[in-house]
Amino acid sequence: MLARASRGFARGRSLSSTTTIYDGFGENLFKGAVAAPYLKAHGLSADALDDYTWTKTSADKVAAAVSDWAADRGASSFCHWFQPLGASGVRHGLTGQVQNMMINFDKEGVPKWDFKGKDLLKGETDGSSYPNGGLRATHTAGGYLSVDPTSPISLRGDTIFIPACFVSYYGFALDEKTPLLRSSQAMSKQGARLLKALGYNVTGIQSNIGLEQEFFLVPREAYMKRLDLMMTGRTVLGRNSPRGQEMCDHYMAPLSLAQPAIDAIKDMQREALKMGIPLRTRHREVAPNQYEMAPLFGSVTTQIDQNVWAMQIIEEMAAANGLAALLQEKPFNDINGSGKHNNWSIGTACGTNLLNVAQVAKASGSTEIFPVIMAAIVSAVDKHGDLMRAAIASPGNDFRLGACEAPPAIISTYLGDDLTKYLEAYKTGVKAEYTPATKILNMGADVLPTFEVPAEDRNRTSPFPYGGSRFEFRAVGSSQNVSMVNTVLQTIVAEAFGAFADQIEKGAKPQDVASAALNEHWKVIFNGNNYCADEQKKLTDRGVWRIDSGIEATLRLTHPKNLKLFADMGVMSEPEVQARQDVQLQHYAGTVEIEAKCMIDMIVQQIIPACKEAGVGSVADLIAAAKKVEAGLSTIHHGKDHLGKANAARLLRLETMVDVRTLVDATEAVVPAKMWPLATYTELLFLDQTSPTATDALMD
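Here the structure is a predicted model, which is why all the values come from computation and not from measurement.

Colleague: Lay out the environment of M102 in plain terms, naming residues and giving numbers.
Modeller: With respect to the helices and strands, the residue M102 is situated in the loop between β5 (100-101) and β6 (103-105). Sequence spacing of M102 and C79 is 23 residues, and the spatial spacing of their C-alpha atoms is 10.0 Å. With sequence-adjacent residues up to four places away left out, M102 is seen in contact with A70, S76, S77, F78, K112, W113, D114, F115 and I160.

Next comes the structure, spelled out in structure tokens:
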């Protein structure tokens, strides 16, 4: 052990080896240095894939290059890899695919390798059996897949995965990605217009995001003793452990080598690296057995694809290490749930971050652009905070938003006092360059160096705080595909950019346009404590969007204001928006139905027999409780439409099932531990204390 430690690493390279810890990075991704020799072998340049017109000019050559790569890597199948609606929290990997062998037959019936441009560009599948909000039916089931050239082709096992968009026979988007790409196009177009009007010519702009993925790791043996965890990802019953997170002892604690989580996380990182996903950050989160991993920033489409892959890898590598990964927002009662912070910035095609005041001023030679961009974003958040709330409406977020673990369902933005004061002066006509203030932090001991920090502190209570070069949408749920989140952000900002450009192109002064927008929408800027009830009331009273119910938030999708927005920006038609609303309502009701059925089965088949055997607890009360849940299920089933079913489900989940849980958890307290049939919170949440053997890392 000492000899191994003494070798050390230099810039990622072992001093006794030519191998780096990054060897294999991106080897399962057809891009860059991996793709170059195969592309060149077929007469294409190494960067041919960066020009998306290859889909029109060179599809057969690209397919031949991919085919050679696949053969060299032992892959024999391919699929179009797409992201259907209604997948969050229920569909493993969040994706859809049909895997086909690269095979055909000659005239003599001899099998031969076959993969051509037509196979790469397009696929066809049944569109009716995915959640589609009425856009498809069994008798009108055609669904078509088109390659997405903005995201690279990947390989796992014996299969090539081709990122794709999924539409109906009539061109309606049936997936998460198609509206995302449309919104990217809209923001790029309107953003370039605005920048040109401000004297800064760019070919386009794009969203860049970084996603912080939180999750729980629990012992798989205990997980297998919980029907609710296996079927829904959360515990619908369960008495609190004597220990929770009250001592704040889990957050960023050491990743113990004496339990298997560290081995699982290292496997996740290694597998992700092969896919070109640098899960750079790993640490414990606030709750016991809760962890977070985060990559570097990248383009919105690629980062969402990578996050979808990462979620699948997290689940698979956890299982390989005797654990179960829980990606649901609120797996356990009375401890923190999990989120997925969506860090969002806007960059030009040449790499200038428009939310970084120094970068944009240097690249453009203008100090006027940054305040105009910020004013447009502030106006978008105020005008369309309802859509931002709708984008994070998920079953798991019901239990998480506003619980001092995630921002409340009030959509404000934090800019910090420094930037707020600058914009306040700016909107009164003051012309000045914004220079972010900093301060020198002295640690108080002479041996410790002083260093510079931002003058602004971090506000973790804000749903959409500005952090110096990015905004962070903190209220996003951990199980979500964040395509809708970023579709909304891009669409509302595209509209604001376009509105500003319209006025400036007609001769209005940029500062006048931005100042008017700031004056109209100033109320959405809030730098205080969003967890404080008094402050929440003030925000509500001044008209900031507040929608506590996820069901009510979902209904905002089809408000006339929002239908017009999506249509004007070319992102979604009215039928496509209505379909997404219907799918979200169905998804909510369906999730609650599964949870309720699990609760009934656990009470009837496990808990009541345990009480009878132990001779404790009120069996009659438990029988009555199960019947109450059954009655609530019946109400869902008899709902007249998607909204009626969803409202009935919300009532069952947040009232009836909460009351029943209280009864069952009290019963758990009196049944002898050895006779209790379910894995307890203590058994699920404390790998450090309950792991029976040392890990491979510790043995090394």
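Colleague: Explain a nonpolar patch on the surface residue by residue, including any values.
Modeller: Together, L441, M443, V447, L448 and F451 make up a nonpolar patch on the protein surface, roughly 470 Å² of accessible area in all. Among the secondary structure elements, L441 is positioned in strand β18 (residues 438-441). For L441, a relative accessible area of 30% corresponds to the partly exposed category.

Colleague: Got a sec to walk through the pairing of strand β12 (residues 205-219)? Specific residues and values, please.
Modeller: Within β12, 14 of the 15 residues are buried, leaving the element largely enclosed by the surrounding structure. Here 4 bridges tie β12 to strand β14 (residues 290-294), and the two strands are oriented antiparallel to one another. Counted as the bridge partner of Q213 is M293 from β14. Across 4 bridges, the pairing between β12 and strand β16 (residues 323-326) is antiparallel. Bridged to P219 within β16 is L323.

Colleague: For the side chain of N342, give the residues involved together with the corresponding values.
Modeller: Relative to the helices and strands, N342 is located in strand β17 (residues 340-348). When its relative accessible area of 0% is taken as the criterion, N342 is described as buried. Not counting residues up to four positions away in its chain, the partners in contact with N342 are I209, G210, L211, F471, E472, F473, V476, V482, V485, N486 and L489.

Colleague: Before we move on, can you summarise the nonpolar core with the specific residues and values?
Modeller: W344 and I377 are the most contacted members of the largest nonpolar core, which totals 80 residues. With 12 residues, helix α15 (residues 483-505) is the largest single contributor of residues to this core. Beyond its immediate stretch of four places on either side in the chain, I377 contacts W344, I346, L355, F464, F471 and V493.

Colleague: Summarise unusual backbone geometry; cite the residues concerned and give the values.
Modeller: Positioned with a positive phi, C248 is a non-glycine residue whose angle comes to about 55 degrees. Here C248 shows up in the loop between α8 (227-232) and α9 (261-274). One non-glycine residue, N289, lies in positive phi territory at about 65 degrees. Within the secondary structure, N289 is located in the loop between β13 (281-284) and β14. For N289, a relative accessible area of 3% corresponds to the buried category.

Colleague: Before we move on, could you go through the pattern of salt bridges and cite the residues and values that matter?
Modeller: Inspection of the entire model under this criterion finds 27 salt bridges. A salt bridge links K118 to D119; the shortest N-O distance between them is 3.4 Å. Residue D665 pairs with R661 through a salt bridge whose shortest N-O separation is 3.2 Å. Here the residue D665 and the residue R661 both occupy positions in helix α22 (residues 642-668), the gap between them amounting to 4 residues, near one helical turn. Owing to a relative accessible area of 13%, D665 belongs among the buried residues under this scheme.

Colleague: Residues and numbers for helix α21 (residues 619-637), please.
Modeller: Here α21 spans 27 Å end to end across 19 residues, near enough to the 27 Å set by a 1.5 Å rise per residue. Those residues of α21 that sit buried are L622, A625, A626, V629, G632, L633 and I636. Each buried residue of α21 lies within a common arc of 115 degrees when the element is viewed along its axis, so the set occupies one face. Across from the buried face of α21, at angles greater than 90 degrees, the exposed residues are A620, K627 and K628.

Colleague: Report on the packing of helix α6 (residues 177-197) against helix α10 (residues 300-320), specifying residues and quantitative values.
Modeller: Between α6 and α10, the least distance of the axes is 10 Å, while the angle of their chain directions is 155 degrees. The angle between α6 and α10 places the two elements in the roughly antiparallel class. Two packed elements cross with a definite hand, and for α6 against α10 that hand is right-handed. Mapping the contact onto sequence places K177, L180, L181 and S184 in α6 and V300, T301, I304 and D305 in α10. Per-class residue counts for the contact of α6 with α10 are 4 nonpolar, 2 polar and 2 charged.

Criteria and thresholds
Residues numbered from 1 in each chain as written. Predicted model: local features only at pLDDT ≥ 70, side-chain atom pairs only at ≥ 80, totals over all residues. Heavy atoms only, no water. Helix = DSSP H or I, 4+ residues; strand = E, 2+ residues; numbered from the N terminus. Contact = heavy atoms within 4.5 Å. Patch = residues over 30% accessible without salt bridge, like charges linked within 9 Å, V, L, I, M, F, W, Y side chains within 5 Å. Areas by Shrake-Rupley, 256 points an atom, 1.4 Å probe, with all protein chains shown as cover. Salt bridge = Lys/Arg side-chain N within 4 Å of Asp/Glu carboxyl O. Buried < 20%, exposed > 50% of the residue type's maximum accessible area, 1.4 Å probe, protein only. Pairing = 2+ DSSP bridges. Core = buried A, V, L, I, M, F, W, Y, C linked by side-chain atoms within 4.5 Å. Expected span 1.5 Å × (residues − 1). Arc of directions from axis to C-beta. Axes fitted to C-alpha atoms, helices over the stretch in contact; angles between N-to-C directions. Parallel < 35°, antiparallel > 145°, perpendicular 65-115°, else oblique. Left-handed = near helix turned anticlockwise from the far one by under 90°. Nonpolar A, V, L, I, M, F, W, Y, C, P; charged D, E, K, R; others polar.

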